[in-house]
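Spelled out from the first residue to the last, the chains are:
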Amino acid sequence: MKYVLKKVLSCIITLFIVSLLVFVAFSLIPGDPALSRLGTNATEAALASLRHQMGLDRPLAVRYFEWLASAIRGDFGKSYSYSMTVTSMIADKLPITLTLMLYSMVLMVIISVPLGVYASYKEGTAIDKVIQIINQITMAIPPFFSGILITLIFGMTLKMFTPGGFVSVKISPSRFFGFMFFPSLAIALPKSAMVLNLLYSSLNAEKKKDYVRTAYSRGNKSKTVFFGHMLKNASIPTITFLGMALADMIAGSIIIEQVFGIPGLGRILLTSIQNRDYPVVIAIIMLIACVVIVSNLLVDIIYKLVDPRVKD
Amino acid sequence: MKQKKISFNLILGSVLLAVTLVPALIGLIWTPYDPEAMNSSLKLAGVSIRHIYGCDNFGRDIFSRIMAGSGITLLIAVGTVAFGSIIGTAIGAFTGYFGGIIDEALMRINDVALAFPSLLLALVMVSLLGTGKYQVMLALGIAFVPSYARIVRSEYIRIKNLDYVKAARLAGASDLRIMFVHILPNTRTVLLSSVMIGFNNAILAEAGLSFLGIGVQPPDASLGRMLSEAQAYMFTNAGYVLFTGCTIVMIILGFSLLSKEIK
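Residues numbered from 1 in each chain as written. Chains lettered and ligands numbered in written order. Predicted model: local features only at pLDDT ≥ 70, side-chain atom pairs only at ≥ 80, totals over all residues. Heavy atoms only, no water.

Next up on the list: the overall build of chain B. The secondary structure content of chain B amounts to 10 helices and 0 strands. Put simply, 70% of the contacts in chain B that link residues at least 6 apart link residues at least 24 apart. When the accessible surface of chain B is totalled, it reaches about 12,300 Å², and 67% of it is carbon and sulfur. Both charge centroids of chain B, one from 20 positive and one from 14 negative side chains, sit 8 Å from each other. (Helix = DSSP H or I, 4+ residues; strand = E, 2+ residues; numbered from the N terminus. Contact = heavy atoms within 4.5 Å. Areas by Shrake-Rupley, 256 points an atom, 1.4 Å probe, with all protein chains shown as cover. Lys, Arg positive; Asp, Glu negative; His and termini not counted. Charge placed at Lys NZ, Arg CZ, Asp CG, Glu CD.)

Check the secondary structure of chain A and you find 13 helices and 0 strands. Reading chain A from its N end, one meets helices and strands in the order α-α-α-α-α-α-α-α-α-α-α-α-α. Considering only C-alpha atoms, chain A reaches an extent of 85 × 55 × 35 Å along its principal axes. Evaluated residue by residue, chain A yields a buried proportion of 45% over its 312 residues. Long-range contacts, defined here as pairs at least 24 residues apart, represent 73% of the contacts in chain A between residues at least 6 apart. Total accessible area computed for chain A in this model is approximately 15,600 Å², and 68% of it derives from carbon and sulfur atoms. Side-chain charges in chain A split into 29 positive and 16 negative, and the spacing between the mean points of these groups amounts to 9 Å. (Buried < 20%, exposed > 50% of the residue type's maximum accessible area, 1.4 Å probe, protein only.)

Before going further, it helps to examine the nonpolar core. Residues Phe26, Trp67, Ile148 and Phe260 of chain A together with Phe116 and Leu209 of chain B are the most contacted members of the largest nonpolar core, which totals 136 residues. When neighbours within four sequence positions are excluded, leucine 209 of chain B is seen to be in contact with Leu119, Ala122, Leu123, Val126, Val136, Leu140, Ile214 and Gly215 of chain B. (Core = buried A, V, L, I, M, F, W, Y, C linked by side-chain atoms within 4.5 Å.)

The partner chain B presents 35 residues to the 40 residues of chain A that form the contact. Here chain A packs against chain B, burying approximately 3,300 Å² in sum over the two surfaces, 83% of which is carbon and sulfur. On the chain A side of the contact with chain B, Gln136, Phe144 and Phe145 of chain A bury the most area, a combined 17% of that side's loss. There are 1 residue pair in polar contact (both at pLDDT 80 or more) connecting chain A and chain B. Only α1 (2-27), α7 (126-139), α8 (143-157), α11 (222-260), α12 (265-275) and α13 (278-306) of chain A provide two or more residues apiece to the side of chain A that touches chain B. In terms of residue count, α11 of chain A provides more of the side of chain A that touches chain B than any other element does, 8 residues in total. Of the residues contributing to the side of chain A that touches chain B, the split by class is 32 nonpolar, 7 polar and 1 charged. (Buried area = accessible area lost by both parts, 1.4 Å probe. Polar contact = N/O pair within 3.5 Å; in protein donor to acceptor, adjacent residues only side chain to side chain. Nonpolar A, V, L, I, M, F, W, Y, C, P; charged D, E, K, R; others polar.)

What follows concerns helix α8 (residues 188-211) of chain B. Helix length check: α8 of chain B, at 24 residues, gives a terminal C-alpha distance of 33 Å against a target of 34 Å (1.5 Å per residue), a fit within 8%. Note on α8 of chain B: the residue one or two positions beyond its end, glycine 213 of chain B, has a positive phi of about 85°. (Expected span 1.5 Å × (residues − 1).)

Relative to the elements of secondary structure, threonine 162 of chain A occurs in the loop between α8 and α9 (173-207). For threonine 162 of chain A and threonine 43 of chain A, which are 119 residues apart along the polypeptide, the C-alpha to C-alpha distance reads 51 Å.

Here we come to the side chain of threonine 89 of chain B. All names here are of chain B. Within the secondary structure, threonine 89 sits in helix α2 (residues 62-98). Reaching out from threonine 89, the side chain makes a polar contact with the backbone oxygen of serine 85 at a distance of 2.4 Å. Every residue in contact with threonine 89, bar those within four places of it in the chain, is listed here: Gly84, Val152, Leu184 and Leu191.

You can see tyrosine 240 of chain B is positioned in helix α10 (residues 238-262). Residues within four places of tyrosine 240 of chain B in sequence aside, it is in contact with Asp56, Asn57, Ile62, Met226, Glu229 and Ala230 of chain B.

A few words on the state of the cysteines. For the coordinates displayed, the defined rule picks out 0 disulfides over all chains. No disulfide involves cysteine 290 of chain A; its sulfur sits 9.9 Å from that of cysteine 11 of chain A, the nearest cysteine. (Disulfide = S-S within 2.5 Å.)

What follows is the structure, given as structure tokens:
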């Protein structure tokens, strides 16, 4: 338990550093938010009063701690471009992006783990080589292009879904999950190739170890040795990679949302970057940072469970 | 003597890169058609002898645009990797060699930065720096610094206690001389393979940013920018999307096959 507490504490410190860096970086950007909101014709008095209203006339440190205090309570301030709170803008988009992320994570594991194990089990056979070649090509496909290919193949040619036909979960959960399968697949495919590759090579590396030879010499069947002994040891680097992949998937979702026309976090992030709507940008970055850091924390904990030798 | 087998990866990788990079290099000085020349009678024209990849929504020759676009994509990738690896190496060398509080603080920030997907880091940078090809180069370059810094730092920590470094110090070599004349050349294998991987990541990240519309801006055409334009017309001219996308896949596959060989 001490291990977990220590990790949680270090996560909180990391989040604090991220928030400080992000807040300061966005405050130092040249350009006046009040000026961009009122236009160049605004009078100096109007600008000053808006700056005061937006709190921009106070010192940076004061603004940071005020922002931090309300951010912890889930209030990220007001959007510059829309007269809405940032929290209300993000609240219904976040679940969509998180669904996409977790869905692709599940697909990735379903695709890569059995194939990787199977290819390693059949090492050197023709089927192993075929898997390797397909894998190498898949790895080189960027997620947005895999999204386009999936739209072309499954959407246009096979008519399995309507391109751009996103359905909200409130209207029809089954159609929502049916549609989300394809963007999730687009994110999962290139990543699956990497997981497969990693699992394959770590399984093959385990084969040469002494304990495997010992297990065979005691008369174990090859299946028992493979699934009972080697798989657990080989899964350790794969788990680390899965944690890193989870972080990458949120970046993947932002791009894939554009390909499939999904109204998630990605779209608000992009329009906010283009409109220089910094409170929204900062809030989304902080949310993503939370997801990334929490997923790293989970990996560390799972790591410890799988391999008790990991030091505190 | 056993004859060294010429590897399949090496051949395929070189062929893929030749097919994509040679046109890109030629595209810097000559393209069959002006990549910007519009022709309304050729809007979304299919594949033909005169336009081997067909034409885009403005009747511009897609092959010429891919030649020019690959050039910009590669230029950005080279700039990004150069910036990221030089700054990253310098930071990694100093922190790894000297250690101490600055090392601790920088590595803490580095860990945070590394936890972020590089595309998101680049997104943050682009929103700070603005869009355009030089901004993208700088944004991606900065986003790539942490990974190089970490790799080089761990190499320096490993090497700085080796006997030859101690010998150099006894002979009176200065810290800077030991860092850059004695240790740096011995990090080359690690550095080279991470430069190759970084090159691929840079191509992917640039394509991703431009695809999102916040990377390279018109009239410049990068492969990612073209792909996002092509996406709107994939129902009328699928060739546009496929030729552009496959060019990206071929470049990345080529580099990853070659980097596998170098390892």
